[in-house]
Amino acid sequence: TAAGSQGSRQKCLFGSRCKVRDDAAQLYQCTVCSNMFHHLCASEWSEEWSDCGCSTRNPKGTKGPKTSAQQQTPKVVPSISEEQIAESIVEYVSGTNRTRRVCNKENDHDADGVAEREVGGDEASDEDEDEEEDDDEDDNEEVEEMEGEDEQETREKIESVKDRMLSDNSKACYFSSVSQLIAWLYETKPFCLNHEFKSCLDNEPRNRGPITKKIKELLKRRELLPFNTRRFSYKQWTSYVVNVMMKKKLKFSSYVALRSGVRHFYRRHHKTKTYRRKFDVQIADFYKGLQNTIADERAVSGTKLSSGKDLLPFSLYVIMGGELLKCKKMDLIVGRTFLILSWNLICRSVNTAEILFQHMGWKDDHMWICFPHSKTDQVGERNEPKSIYANPICPAICPILAMGVYLMSHSPDTRKLFPGGSQYHRFVNCLQKVMTLPERGECDESSNAQDAPYDYRAIRKAVCQELQRLGMNKEDLGTHSIRKGAATYCTSGSTHCPSVTAVSDRASWNNGTIPKTYFKYEAASDLFVGRTACGLPIHSAMFASLPPQFKKGNDELVQSTIQLCFPTLPGNMNGILIHCLASIVYHFDYLRKELDPSHPLWSCALFRDTGIYEQLKEQVLVLLPTDVPIEMNESSENMMCTVQVPIYRSTGCPPHVTSLVHEKQWMMKTQLLQEKLDQVVAGNEQLVAANEQLRLKQDSMMQKMEVEFKEIVNYFKQSQGKNEENRLLLLQQLEVSMQQNHGHENFTVQMQLREVVAKLQEGWDMQKRMIENLQQQQLELLQHLQQQQQQQQQQQ
């Protein structure tokens with residue numbers, strides 16, 4: 001449609017919001033409302049060259065149907081050149097990066113001028129009012145539709161569900177920051193507040209507490225919009241920041257909370273487009289400069305560089321766990337369990353306070369806990385179980401022992417682990433009391449008698465000394481310090497720590513779109529984080545230690561004791577209670593030494609009946625990783641004869657710990673072999689000494705036998721000589737007798753003499769054979785002794 005000649009050219013429909021600065025740019029006539037406009041200005045609402053987008057921008061304010069003249073006699077407008085279109089697009093893109101409102105050359109209004117005009121009370125154009133009230137009109141239409149259908153109750157339920165978009169803590173933070181801004185606006189610039197909201201403040205009596213308290217009550221009413229969206233601008237916001245907040249030397253997080261709070265109320269009342277148009281770019285630039293300004297002031301003034309609370313060091317955590325164990329007050333017993341569970345779970349203290357028994361259990365060698373939702377996971381998509389391990393090496397921070405002491409001292413009869421509606425605030429108060437520095441005289445040794453009960457003074461003394469050693473202040477520690485300390489210990493406490501992704505999954509942090517899409521939860525990494533968080537030494541084979549457990553075959557005794565000590569707890573807690581009972585029995589000597597005699601634990605049924613404890617004491621054991629056999633090929637019955645086989649194997653151990661365990665096992669095996677070898681060598685030495693003694697005895701016996709043999713041989717030789725002399729003498733006598741008989745033969749005498757000679761000869765021959773036999777026996781005995789000596793030498 002034509003726009004007429006240059007002299008009679010009309011102005012653009014968008015007025016001061018026109019995005020085209022060239023006066024020669026072509027105008028188009030809308031076929032709906034007959035107004036003139038630039039296509040570039042209307043491109044946000046309509047892509048048609050003959051439509052200014054009025055039906056989209058202001059559906060209630062459109063004019064009537066077109067006249068027949070308008071339909072039949074359209075005006076022809078010269079087409080715009082491509083060069084002008086390209087130039088206009090470049091100007092539009094560059095202008096939107098700076099601000100969404102660019103004035104034309106005739107009015108020459110910049111953003112600051114518009115803000116001053118709004119503050120000064122000048123009336124805004126009708127077009128501005130229409131655009132800013134678009135969202136309100138849509139909201140009213142929805143409300144009228146709902147109320148027209150008599151669904152007021154349904155609408156209230158919908159609004160209550162929408163309120164759950166934010167947690168209660170976030171709402172309280174937003175209300176606190178925005179209420180102070182509204183109080184300042186109410187005193188200095190009341191025109192920036194919504195008329196209805198301001199009227200409610202005016203009607204409140206002045207003598208009923210601080211005004212911020214009244215403002216917080218009004219902010220809870222969803223029908224009240226606190227700001228006048230046309231009058232409240234960038235200038236008032238920045239004036240409040242510069243004149244009020246910066247003088248208080250606040251942290252940058254306070255400014256961020258204010259921005260989030262204002263955005264929340266604009267979004268709650270469907271003014272998101274208005275907020276983006278008026279504040280997004282300018283407030284972002286201002287906050288960037290504000291952040292740099294605060295950093296420069298911090299560098300010059302020498303104040304604390306980091307924002308927020310400091311992390312809780314592991315050494316202070318161990319001291320607090322050990323000192324709180326000695327206390328008999330119930331709030332400190334609860335506080336110790338709360339502290340240890342928060343550290344191991346790396347969670348927010350609010351989540352620890354809401355743990356339910358139905359969300360707990362036992363698997364393999366660890367306890368697990370699930371959270372239905374968290375601050376960064378309101379819908380509960382990341383509700384994977386978080387593993388918690390026992391630490392039999394350091395009972396002061398063992399979570400299983402802490403659970404046992406707490407549940408046995410006070411068995412809750414509700415579905416919550418920490419019953420009550422203000423357990424978080426109870427823990428905060430307990431932590432503040434523990435962190436409070438002792439007064440003068442409380443740290444003196446003379447003030448703490450040995451028979452005095454262990455109370456806050458001794459804890460404060462120990463904590464005070466550790467804080468002084470670390471160079472920290474109690475004001476730098478809070479409930480969030482536990483989460484920071486546990487996460488830092490798990491990721492940076494060693495040169496071989498769990499991955500940051502695994503710790504982030506356990507802490508329920510939102511690391512962005514890519515990690516959330518590609519890095520998923522796996523149980524192995526969480527098990528590794530659980531073992532690290534419980535304080536087991538990561539560079540030792542003891543990192544794979546198993547929790548205290550009962551031997552097999554004692555189920556009836558254990559179950560009856562559990563029913564006696566934990567009568568009110570649900571059945572799904574049975575696995576946890578078995579290991580809690582085993583930990584208490586195993587660490588009985590440690591508890592007897594550390595706990596106060598009047599501690600509630602000693603009034604439990606387990607220790608009132610010493611017979612039950614004595615029976616359980618004989619059945620409980622802790623198997624270190626070196627006690628588990630390397631090869632499990634043999635049957636469990638044969639294994640039980642030599643080593644107690646565990647019910648389960650260690651989980652969550654990285655490869656280097658497994659290697660350390662195997663190395664330790666082989667070292668122990670080598671040590672056993674060395675001991676056996678030493679025993680064999682010692683036995684051989686004894687055998688050598690016995691053989692030496694036997695050899696000496698044999699030598700003495702041989703010498704003795706040789707002497708006796710020589711004596712016998714000499715005796716036989718002497719006997720043989722005498723026999724020979726007797727024989728010769730008899731022969732001589734025989735010859736003489738024969739001569740005396742003058743040759744007369746006396747046959748009888750001769751025969752007698754010959755018999756005598758034959759007997760003598762026979763006796764001599766017998767003696768000769770006996771001598772030869774003795775020599776042969778002596779030779780055989782010598783050979784036998786020599787063979788024995790050779791065999792002994794070979795054995796050695």
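Everything discussed here concerns the structure shown above.
Keep in mind the model is a prediction, meaning the values are calculated, not measured. (Residues numbered from 1 in each chain as written. Predicted model: local features only at pLDDT ≥ 70, side-chain atom pairs only at ≥ 80, totals over all residues. Heavy atoms only, no water.)

Participant: Could you give an account of the overall build of the protein chain, naming the residues involved and the relevant values?
Facilitator: What the protein chain contains, in helices and strands, is 32 helices and 7 strands. Here the protein chain holds 796 residues, and the buried ones make up 40% of them. For the protein chain, the proportion of contacts with a sequence separation of at least 24, taken over those separated by at least 6, is 72%. Roughly 44900 Å² of accessible area belongs to the protein chain as shown, and the carbon and sulfur atoms make up 50% of that amount. (Helix = DSSP H or I, 4+ residues; strand = E, 2+ residues; numbered from the N terminus. Buried < 20%, exposed > 50% of the residue type's maximum accessible area, 1.4 Å probe, protein only. Contact = heavy atoms within 4.5 Å. Areas by Shrake-Rupley, 256 points an atom, 1.4 Å probe, with all protein chains shown as cover.)

Participant: Requested: an account of a nonpolar patch on the surface, with residues and values cited.
Facilitator: There is a patch of nonpolar side chains on the surface, built from Ile514, Tyr518 and Phe519 and spanning about 380 Å² of accessible area. As for its position among the elements, Phe519 is in the loop between α23 (513-518) and α24 (523-533). (Patch = residues over 30% accessible without salt bridge, like charges linked within 9 Å, V, L, I, M, F, W, Y side chains within 5 Å. Salt bridge = Lys/Arg side-chain N within 4 Å of Asp/Glu carboxyl O.)

Participant: I'd like a description of the nonpolar core, backed by residues and values.
Facilitator: A general trend in soluble globular proteins is that nonpolar side chains are found buried together. One finds Met360, Met367, Met403, Met408, Leu417, Leu606 and Phe607 to be the most contacted residues of the largest nonpolar core, which totals 86 residues. Considering each element in turn, this core owes the most residues, 9 residues, to helix α16 (residues 330-345). Dropping the residues within four chain positions of it, Met360 is found in contact with Ile355, Met367, Trp368, Ile369, Met403, Leu417, Asn572, Met573 and Ile576. Core analysis: the next-biggest nonpolar cluster, separate from the first, contains 36 residues, Val178, Cys192, Met245 and Tyr266 among them. (Core = buried A, V, L, I, M, F, W, Y, C linked by side-chain atoms within 4.5 Å.)

Participant: Kindly report on the pattern of salt bridges, identifying the contributing residues and their values.
Facilitator: Should their charged atoms come close, side chains of opposite charge can pair. Going through the model one piece at a time under the given rule, you end up with 11 salt bridges. The shortest N-O distance in the salt bridge between Lys198 and Asp202 comes to 3.2 Å. With Lys198 and Asp202 both in helix α10 (residues 195-203) and 4 residues apart, this pair spans about one turn of that helix. Here Lys198 falls in the partly exposed class, since its relative accessible area comes to 24%. Given the relative accessible area of 37%, Asp202 is considered partly exposed. A salt bridge links Arg221 to Glu223, with the nearest nitrogen and oxygen atoms 3.0 Å apart. Residue classification places Arg221 among the partly exposed residues on the basis of a relative accessible area of 34%. Residue Glu223 is classed as exposed on the basis of its relative accessible area, which comes to 53%.

Participant: Describe the sheet that holds strand β5 (residues 386-388), naming the residues involved and giving the relevant values.
Facilitator: Spatially, 3 strands are ordered β3-β4-β5 in an open sheet, and the strand pairing comes out antiparallel. Looking at which strands have only one partner, the edges of the open sheet turn out to be β3 (360-363) and β5. Averaged over all pairs of adjacent strands, the angle between their axes in this sheet comes to 35°, without regard to strand direction. (Pairing = 2+ DSSP bridges. Axes fitted to C-alpha atoms, helices over the stretch in contact; angles between N-to-C directions.)

Participant: Any details on unusual backbone geometry? Residues and values, ideally.
Facilitator: Of note, Lys249 is a non-glycine position whose phi angle comes to about 55°, a positive value. In this fold, Lys249 is placed in the loop between α12 (234-245) and α13 (252-268).

Participant: Kindly report on helix α29 (residues 610-619), identifying the contributing residues and their values.
Facilitator: Here α29 has its buried residues at Ile612, Tyr613, Leu616 and Gln619. Taken down its axis, α29 places every buried residue within 125° of arc, on the same side. Seen from the open side of α29, the exposed residues pointing more than 90 degrees away from its buried face are Thr610 and Glu618. Buried-residue contacts for α29 involve β6 (549-550), α25 (555-565), α26 (574-586), α27 (588-594), α28 (605-608) and β7 (620-621). (Arc of directions from axis to C-beta.)

Participant: Explain the packing of aromatic side chains residue by residue, including any values.
Facilitator: Aromatic ring pairs are reported here in terms of the distance separating the ring centres and the angle at which the planes meet. Overall, the coordinates contain 30 aromatic pairs when judged by the stated rule. Ring centres of Phe232 and Trp237 lie 6.4 Å apart, and the angle between their planes is 20°; on these two criteria the pair is classed as stacked. Considered together, Phe232 and Trp237 belong to a single accessibility category, that of buried residues. Between Phe588 and Trp602, the ring centres sit 6.0 Å apart and the planes meet at 80°, which makes this aromatic pair edge-to-face. Taken together, the positions of Phe588 in helix α27 and Trp602 in the loop between α27 and α28 put the pair 14 residues apart, joining distant regions of the chain. For the pair shown, Phe588 and Trp602 are each scored as buried. One aromatic cluster is present, formed by Phe227, Phe232, Trp237, Tyr266, Tyr275 and Phe279 through successive ring pairs. (Phe/Tyr/Trp six-rings, centres within 6.5 Å; stacked < 30°, edge-to-face > 60°.)

Participant: Can you explain the packing of helix α22 (residues 500-507) against α24? Please cite residues and give values.
Facilitator: Look at α22 against α24: their axes get within 9 Å of each other, and the N-to-C directions meet at 80°. One element, α22, and the other, α24, form an angle in the roughly perpendicular class. Contacts between α22 and α24 involve Ala502, Val503 and Arg506 from the first element and Ser525, Asp526, Val529 and Gly530 from the second. (Parallel < 35°, antiparallel > 145°, perpendicular 65-115°, else oblique.)

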